[in-house]
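As a plain string of letters, each chain reads:
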Amino acid sequence: MKKILSLLLAMTMVMGLAACGGQETPEETNTTPAESPAESPAESPEEGGSTGDYGDFAGSLIEEGKLIMVTNASFPPYEMTDDDNNVIGIDPEIAQAIADKLGLELVIDNIDFDAALLAVQEGRADVMLAGMSYSEERDLVMDFSDTYATGYQVIIVREGDTSIAGGNDDYMLVDAEGNVIEDVQIGVQRGTTGELYCQDAYGVDHVTSLDNGSVAVQALINGQVDCVVIDIGPAQEYVAANPGLEIVEGAYTIEDYCVGVDEGNTALLEAVNKALNEMIEDGTVQEIMDQYIGG
Ligand code: ARG
């Protein structure tokens with residue numbers, strides 16, 4: 001058992017290298033006796049999986065026995081709603097698997113993305129899973145788990161529009177010759193890193209912030225904006241669903257998707273990180289991704 005613990009510890013440290021926030025405390029030792037009647041009946045040392053011990057996070061939850069997840073389900077394939085308005089996708093499945101490991105009931109709250117960021121900061125949600133990227137700005141007001149996916153911001157244009165060829169190091173849009181495009185109106189989802197990068201580069205007047213990705217794409221179709229900057233996952237889904245659009249080759253930014261928790265909620269963060277890293281190691285996260293992202 002000691003071997004397994006140190007293996008887990010080593011794994012945590014390796015994963016920690018890819019951490020979003022760098023707030024890990026890998027030196028922490030696990031003092032719970034291995035034979036204690038752990039909550040998890042799935043304890044199976046041969047599989048090298050969960051030890052059933054995720055630390056003392058119970059007092060850090062908003063509601064006893066529940067993991068309240070906040071998200072914005074207009075971000076396929078990470079989160080969207082089915083015909084019965086259930087929130088489905090990669091993030092709910094990852095959250096469900098984390099909740100199962102922690103012995104909690106998952107409750108999903110589907111609200112606007114910017115409101116979701118606030119909800120976790122103000123202690124109205126335990127975790128935020130929303131294809132949410134790590135950013136230094138956000139790190140000042142919330143804590144981030146280790147990363148579970150890479151997100152790329154890409155540029156969507158109307159099909160055949162070759163005027164925008166990509167972004168430069170200053171996040172300015174450029175044409176095929178690399179010349180900066182000054183006169184442009186960019187559509188983004190409100191509260192996202194795409195909005196931040198574009199506003200930093202262009203100022204607010206050149207950026208139209210819309211309620212969510214699908215509204216932003218609609219604005220592009222209607223000619224209200226010249227392009228949309230959004231994460232590649234939803235970009236591919238929107239382009240597939242709406243003829244007449246295409247994605248500019250190359251990434252505008254590269255980001256890490258993480259689980260967000262309230263700033264300073266270390267007990268919950270460590271429990272989430274442990275569960276998440278087990279799922280990365282044993283391939284569960286990849287399986288969930290493959291289920292939603294073909295190829
Ligand atoms: N990755 C971007 C960000 O963190 C966009 C996320 C939007 N997610 C959503 N569920 N609508 O800002």
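Residues numbered from 1 in each chain as written. Predicted model: local features only at pLDDT ≥ 70, side-chain atom pairs only at ≥ 80, totals over all residues. Heavy atoms only, no water.

**Focus: the overall build of the protein chain**
A tally of helices and strands in the protein chain yields nine helices and 13 strands. Relative to its full complement of 295 residues, the protein chain shows a buried share of 46%. For the protein chain, contacts bridging at least 24 residues in sequence account for 69% of all contacts bridging at least 6. (Helix = DSSP H or I, 4+ residues; strand = E, 2+ residues; numbered from the N terminus. Buried < 20%, exposed > 50% of the residue type's maximum accessible area, 1.4 Å probe, protein only. Contact = heavy atoms within 4.5 Å.)

**So, the nonpolar core**
If you look at the biggest cluster of nonpolar residues, it comprises 33 residues, and the most contacted ones within it are Leu67, Ile94, Ile98, Leu102, Val127, Leu129 and Tyr148. Contributions of two or more residues to this core are made by strand S1 (66-71), helix H2 (90-102), strand S6 (142-158), strand S13 (253-262), helix H8 (266-281) and helix H9 (284-292). In this structure, Met172, Val184, Cys227 and Val229 belong to the second largest nonpolar core, which totals 16 residues. (Core = buried A, V, L, I, M, F, W, Y, C linked by side-chain atoms within 4.5 Å.)

**Let's talk about the pairing of strand S9 (residues 186-189)**
Side chains of S9 alternate between two faces, with Ile186 and Val188 and Gly187 and Gln189 buried alike. Bridge analysis of S9 against strand S10 (residues 207-210) gives four bridges, and the strand direction is parallel. Paired with Val188 across the two strands is Ser209, which belongs to S10. Read as a crossover between parallel neighbours, the route from S9 over helix H5 (residues 193-202) to S10 is right-handed. Direction of pairing for S9 relative to strand S11 (residues 227-231): parallel, over a ladder of two bridges. Considered in S11, the bridge of Gly187 is made with Val228. (Pairing = 2+ DSSP bridges. Right-handed = clockwise from strand over helix to strand, strands pointing away.)

**Re the site of the ligand**
In the vicinity of the ligand lie 15 residues, with Ala130, Ser133, Arg138, Thr193 and Asp231 positioned nearest. Between Asp231 and the ligand, the recorded distance is 2.6 Å, taken from a side-chain N or O atom to a nitrogen atom. Considering the ligand on its own, with 350 Å² of exposed area, one finds that the protein chains cover 100% of that surface. A breakdown of the residues in the shell around the ligand according to their chemical character gives five nonpolar, seven polar and three charged. (Near = heavy atom within 4 Å. Polar contact = N/O pair within 3.5 Å; in protein donor to acceptor, adjacent residues only side chain to side chain. Areas by Shrake-Rupley, 256 points an atom, 1.4 Å probe, with all protein chains shown as cover. Nonpolar A, V, L, I, M, F, W, Y, C, P; charged D, E, K, R; others polar.)

**Description of the packing of H2 against H9**
The description of two packed helices rests on the angle between their axes and on the distance between the axes. One way to put it is that H2 packs onto H9 with a least axis distance of 9 Å and a crossing angle of 155 degrees. Here H2 is positioned roughly antiparallel relative to H9, judged by the angle of their axes. As H2 packs across H9, the resulting crossing turns out to be right-handed. Contacts from Ile90, Glu93 and Ile94 of H2 reach H9 at Val285, Ile288, Met289, Gln291 and Tyr292. When its residues are assigned to classes, the contact of H2 with H9 shows six nonpolar, one polar and one charged. (Axes fitted to C-alpha atoms, helices over the stretch in contact; angles between N-to-C directions. Parallel < 35°, antiparallel > 145°, perpendicular 65-115°, else oblique. Left-handed = near helix turned anticlockwise from the far one by under 90°.)

By themselves, these are just geometric observations and shouldn't be taken as functional.
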